[in-house]
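Listed below are the residues making up each chain.
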Amino acid sequence: MTDAPRYLRHDSPPHLTTLILLSSMTALAMNIFLPSLPSMAAHFDAPYRYVQLSVAVFLATNGILQLFVGPLADKFGRRPIILWGLGLFCLATLGCIYAPNITAFLLFRSLQATAAVAMVLSRAVVRDMNTADRAASMLGYVVMGMSIVPMIAPAIGGVLDEAFGWQSTFWVLFGFGALVFTIVWFDLGETGTPSSLTLVGQFREYPELFASPRFWGYCLATAFSSGAFFAFLGGAPFVASNVFNMSPAEFGYFTGAPAIGYFLGNWLTGLYATRVGMNRMILVGAIITAGGLAVSLALSYAGMSGPYVFFGFMTLVGLGNGLVIPSGTSGMLSVRPHLAGTASGLGGSIQILGGAALSAIAGAMLTPGKGEFPLIWIMFGTALAGVMAILVVMWRERQLAR
């Protein structure tokens, strides 16, 4: 699609700011309440491991929904699916605020995962409007803008928690969701061409993606690299409060470290993805992620453990993810361009479900006395797997070129 966006006109492609806001929804919902986990455990009189499930539950439901979001968007268009998802997110957020117990809270928290439509379909919209390498570059700029959210959200959440209680962070989520719904209503024109297939027929397109080694390579490279960050989300609150004795506000400030790296990585992707190419951007990013974690692990074993070492090297995890995710996503969506929505949903589902599993594993393995070591080892292992996945993609493309 080559039509120029006209702001707040739903008969034209969306403006860049609208795409940034859409891609920010899931990031805000995942990050802003993290400093409040200890106080939420006290409020609901529940063990920390139950409250920590709010991260894994959100990610797991998000991942399952993405399996359906893509085909639905390819069948009915991007715009209606996005609007329905945002509306349900706002209602679920109100449910979280007024939940009477931890069970009800986790139920509404899982329903908040309808925000998945924003992340999945903002990527599909970018691919609708651009060629593959150009899409990687534009995704870099979109995610660069989005990366400001996890950079500042935990700090804002920590301050709000100490001043007004944990519910205040969910009121911010509700307000942001309502704002994005309104902007999308007026600005996001339909960019996809609704499929002539039936909905059942649309789901039958999945095997075409399953049969593509390159799709799996891009998907797994993205999933493993981002898996390090999802493990961080699940384990960092425990490390901050139980290992380093940090307050919610302090944790919020330090959690901005990976987001700073993520911002820089996406900026570099926006500048260089078209010239350097997707595969090399992914490989460099995966190596940076694994290398940063290796150094962090070595320093911790050398007795230099502390919040500045632990959170400082998370900046390299963010930098690596900023290089990997936009190019990996563009690669997934470009293997079969006519299935961009389906590919975005399937790839995102694998990425998020893997993240949910890693988040839950990190929460289960972190117990008093073990320090931060189990978390860093989990992150390092997934980062190495990301390096191997993109090397397989590059080997496969050399084979096809022959």
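Quick note: structure is the one above.
Below you will find a few notes about this structure. (Residues numbered from 1 in each chain as written. Predicted model: local features only at pLDDT ≥ 70, side-chain atom pairs only at ≥ 80, totals over all residues. Heavy atoms only, no water.)

Glancing now at the side chain of Ser 226. By the secondary structure assignment, Ser 226 is in helix α12 (residues 213-243). The buried category is assigned to Ser 226, whose relative accessible area is 2%. Here the side chain of Ser 226 touches Ala 223 through a polar contact of 3.2 Å, landing on its backbone oxygen. Ignoring anything within four residues of it in the chain, the contact list for Ser 226 reads Asn 321, Ile 325 and Gln 351. (Helix = DSSP H or I, 4+ residues; strand = E, 2+ residues; numbered from the N terminus. Buried < 20%, exposed > 50% of the residue type's maximum accessible area, 1.4 Å probe, protein only. Polar contact = N/O pair within 3.5 Å; in protein donor to acceptor, adjacent residues only side chain to side chain. Contact = heavy atoms within 4.5 Å.)

So, on to the layout of surface pockets. The computed volume of the second largest pocket comes to approximately 150 Å³. Surrounding the second largest pocket, Leu 65, Phe 68, Val 69, Leu 72, Pro 80, Ile 81, Trp 84, Gly 85, Leu 88, Thr 114 and Val 117 form its lining. Top element by residues in the lining of the second largest pocket is helix α4 (residues 78-97). It accounts for five residues. For the lining of the second largest pocket, the per-class residue count stands at nine nonpolar, two polar and no charged. (1 Å grid on protein atoms, 1.4 Å probe; cavity = no way out; pocket = protein on both sides within 12 Å on 5 of 7 lines; lining within 4 Å. Points joined across faces, edges and corners; volume = space filled by probe spheres on them. Nonpolar A, V, L, I, M, F, W, Y, C, P; charged D, E, K, R; others polar.)

With that out of the way, let us pick up a nonpolar patch on the surface. A cluster of nonpolar side chains, Leu 264, Trp 267, Leu 271 and Tyr 272, forms an exposed patch at the surface whose accessible area comes to about 340 Å². With respect to the helices and strands, Leu 264 occurs in helix α14 (residues 256-276). The exposure class of Leu 264 is partly exposed, given its relative accessible area of 38%. (Patch = residues over 30% accessible without salt bridge, like charges linked within 9 Å, V, L, I, M, F, W, Y side chains within 5 Å. Areas by Shrake-Rupley, 256 points an atom, 1.4 Å probe, with all protein chains shown as cover. Salt bridge = Lys/Arg side-chain N within 4 Å of Asp/Glu carboxyl O.)

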